[in-house]
Amino acid sequence: MGRTVLVTGVSRYLGGRKAALLAADPQISTVIGVDVVAPESPIVGTEFVRADIRNPVIAKVMGEASVDTVVHMGVIATPKQAGGRSTMKEINVIGTMQLLAACQRTPSVRSLVVKSTAAVYGSGPKDPAKFTEDMEPRHSPSSGWPKDSVEVETYVRGFARRRPDVSVTTLRFANFIGPRVQTALTAYFSLPLVPTVLGFDPRMQFIHEDDGLEAIRAAVLSPRQGTFNIAGRGVVMLSQAIRRAQRQTVAVPSLLFGTVGRTLSPTGLADFSPEAVRYLTYGRALDTRAMHRTLGFDPAWTTEDAFLSFVQRHDAAEVDVA
Amino acid sequence: MPDADVIPFASPGDPDRAGGAVGPSKAARLVGNTGPQPASPTVPPASASPAVPAVRARRSTDAPDVPVPVASEPHEVITDAEIPLDGEGWLEFARRRISGDYSVDDFGFDPELTDRVLLTLVRPLYRSWFRVETTGLENVPSASGALVVANHSGVIALDSVMAQVALHDEHPAHRHLRMLGANLVFQTPFMGEVARKAGHTLACHPDAERLLAAGEIVGVWPEGFKGVGKPFGQRYKLQRFGRGGFVSAALRTGAPIIPTAIVGAEEIYPMIGNAKTIARIFGLPYFPITPTFPWFGPLGLIPLPSKWMIHFGEPIRTDHFPEGAADDPMVVFNLTDQVREQIQQSLYRLLVKRPSAFG
C-alpha cells in the first residue's frame, strides 16, 4: 500500500506544486491538500480539504484518512498574504500548534516535514560567514515571519520529544527564487528603483523553486530526523544581483531605509520590515554540508544560476507586457 | 628617535636570515613595479586587446562545503584570479563588473576587485610612502593554510592592510591574506562592505577554522583595539593577547602559526591622547588625538611616512599535538605565550635593524 501524505498551505504556489509533485510519485497513493481557501485551479491527483489548521477539524481529517506523512508548508511570510499581521501570526503559530496536536493524536503519522526558513538565524554583524544547523542565532529575530518561524520550530522540537517514533525533518530554506515563485524578495528585485542600505552589501543565498520542492520530496520519501539548511551553492552579493537584474538602485541610510522602501513599493509586496532590513544590511549564508551528506540532496541550481533564471523570466515577462 | 629606549635582549642566535632576505627585496623594488600597473583604475589602456579571449575559469565558490578537505584548491583560486589581470583589458573588466558577471566566495571575497582595484589603491602606500621591507616570506606556505599572527598598532589598522599587500605582492604564490576582524568592522558602513570584499571575515571560531581548513592564509591581530589604540609611549610593547582563541583554531585544523612582526605602524599616527568622552558618544573603542588630528581636520588623517619592516617569522607547528589539545587551556596558554614572545623578540630585532623611524 502506498503512503498517504497531508500537505498544508496547498492553495499557495509552492504548496500546490508540491502537492501535485507528490501525487505524481508512484510511492504515494493519496495526497490530501489542506488550506483555508480553495486553490485557484484544482491540483492534479490531490484531494482538497478546505479546513483551517487553526481549528481541531484537521485532526479528524488526519484520523479518517490515516495519514502517515505530514508536510507543513503553511507558514506565511508576509502580512499581505494573510490580511494583517495578527491573522498571519495566528495562522503561523496557532495553526502549527493545532496541526502538531493533531499529529500527536494520530497514531498513523510516521513522519513530519516542516518547511522553515533560514531567517531563524537572524542577521547581523556578529554572524559567522556561514551558519551550521547547530548554531544559535547571534541576533535573534524579533518580529514578523522570522520570529514566527522560530516559534514554529520550537513547537516542532517539542512535538519531536513527545512523539519520538515520528521522524521529524525541519528544512531551513534560503530564499526561494525562480521563474514563477513570487516572494517578498522577488517583489523587491522587481521594484523600478531598488533601495539598498548605504555602505552595506549583503551576501545572499537562494534556492531555486524546483530544487526547493525537490528537497521536500527527498525528505518525504526518505525521512531523516533533524534540521537541514537548504540552499544553492555559492553566494551572490546584493550589488551583484541587482547588476545582473539590470535594475537602478538608490542607496539609503539604514535609518531611513524602511520608510523609503515602503514609499517605493506602493503595492506593499516587497518586505521592508525590521527583519527584512537587517537581512538587506548584513545578509546571511548557510553551511549546507548536512544537506549533501545526511539528506543526500544536491540542488541542481547554484545560487547564481537560480537568480539568473529569475532574471531571465522577469525580462521575458516585461517584453510580453510591452 | 623613538628607538632609543628599546633594548634588544635577544641574543642574535637567530641567523641573520631576515637581513639576508632584505637584499633581493630591495633590489626588486629598485627595478620598479613588477607586473603591469595601470596609471589609473578608471582609464583603460589603449592597448586593451579584445582579441585576447577573456577566459575566465569559473571557480567553485563553495570549496568549504565540498566534503573533500583542504589543500591545493584555494591556490588555484589565486591563479585563476590572476588570469584576467594579464589577458583582459580594463574596458572588458569594467563591462563585466557593471553586468555583475563575476564570482565571490562564500565569505563575500571578491578576488578580482581586490586584485585590480583595492590592492592597486593601497600599493603606493606600501611601496612609496612607507617603503615597506618584507622578509621571511619563505616561512609562509605556498599552497596550504597557515595562521599569520601579528602585532597591531597605528590607530587605524593600516598594518593589516600592508601585511595583505606584502603577502600578495611579494610572496611567490601571491597569497591573499584573509583577516579576522572585530564585529565593529562589519557593522560600520562602507568599512564592513570593503572588508568582506577584500576577503576578511568576523573573528570567530567557525570562520577561522573554515578558512584554515580550506587552505587559506588567515591573519589575526590578537591585541585587537588594545593594540591599535594604545598611546605612543607604549609603542612596540605587545598588549594582552585576547583569550588565545586563534591558537585553538590553529590546533583544531593543524595549521602552522606564523608569528609576524610589523615595525613602522606605531609612528604613522602618534597617539598622544585619547578623548574617551567623544569615543563613548560615537560608540568607538577610542578616539585618538595625535599631533595632527583633529587639529588639522582631514589633513591630520595623512599618516606620517614612517619606515616599515614586516617579518614573517619561523612557523610554529600545531599538527603534532594530541587530539583534543585545542580544548586543553594549558596547551593553548603556553602556545599563546610562545607566539607572543616570538613576535616581541622579532619586533626588537627589526627595530635595531631599522636605521630610524622615518629613514
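Draft legend 1. Molecular detail of helix H8 (residues 205-213) of chain B. Within H8(B), burial applies to Asp207(B), Ala208(B), Glu209(B), Arg210(B), Leu211(B) and Leu212(B). Its buried side turned inward, H8(B) meets helix H11 (289-293) of chain A together with strand E2 (146-150), strand E3 (177-181), strand E4 (201-202), strand E5 (217-220) and helix H10 (245-253) of chain B. Gly215(B), located one to two residues past H8(B), shows a positive phi value of around 85°.

Draft legend 2. Structural context of the nonpolar core. Residues and elements named next belong to chain B. Counting 34 residues, the largest nonpolar core has Leu-147, Val-149, Phe-246, Leu-251, Ile-257 and Val-339 as the members making the most contacts within it. Of all the elements in the fold, those that place two or more residues in this core are E2, H8, E5, H10, strand E6 (257-263) and helix H12 (329-353). Apart from residues no more than four positions distant in its own chain, Val-339 is found in contact with Val-149, Phe-241, Phe-246, Ile-257, Pro-259 and Ile-316. Counting residues in each nonpolar core, the second largest holds 32 residues, with Phe-130, Ile-217, Ala-265 and Ile-310 among its members.

Draft legend 3. Structural context of the interface of chain B and chain A. At the junction of the two partners, chain B supplies 34 residues and chain A supplies 28 residues. Buried surface at the junction of chain B and chain A, both sides included, amounts to about 2,700 Å², of which 49% is carbon and sulfur. Joining chain B to chain A, the criterion identifies four salt bridges. The salt bridge involving Asp287(A) is made with Arg210(B); its shortest N-O contact spans 2.6 Å. Where chain B packs against chain A, one counts 14 residue pairs in polar contact (both at pLDDT 80 or more). Those elements that place two or more of their residues in the side of chain B that touches chain A are helix H3 (90-99), helix H6 (183-187), helix H7 (191-197), E4 and H8 of chain B. For the side of chain B that touches chain A, the residue count by class is 13 nonpolar, nine polar and twelve charged.

Draft legend 4. Structural detail: the packing of aromatic side chains. Applying the stated criterion across every chain, the model contains 16 aromatic pairs over all chains. Members of the aromatic cluster, each reached through a chain of ring pairs, are Tyr188(A), Phe189(A), Phe206(A), Phe257(A), Phe272(A), Phe307(A) and Phe310(A). Stacked on the ring of Trp90(B), the Lys or Arg Arg116(B) has its end atom at 4.5 Å from the ring centre.

Quick notes on the rules
Residues numbered from 1 in each chain as written. Chains lettered and ligands numbered in written order. Predicted model: local features only at pLDDT ≥ 70, side-chain atom pairs only at ≥ 80, totals over all residues. Heavy atoms only, no water. Buried < 20%, exposed > 50% of the residue type's maximum accessible area, 1.4 Å probe, protein only. Helix = DSSP H or I, 4+ residues; strand = E, 2+ residues; numbered from the N terminus. Contact = heavy atoms within 4.5 Å. Core = buried A, V, L, I, M, F, W, Y, C linked by side-chain atoms within 4.5 Å. Buried area = accessible area lost by both parts, 1.4 Å probe. Salt bridge = Lys/Arg side-chain N within 4 Å of Asp/Glu carboxyl O. Polar contact = N/O pair within 3.5 Å; in protein donor to acceptor, adjacent residues only side chain to side chain. Nonpolar A, V, L, I, M, F, W, Y, C, P; charged D, E, K, R; others polar. Phe/Tyr/Trp six-rings, centres within 6.5 Å; stacked < 30°, edge-to-face > 60°. Lys NZ or Arg CZ within 6 Å of the ring centre and 35° of its normal.

Fair warning: the whole summary comes from geometry, so function is off the table for now.
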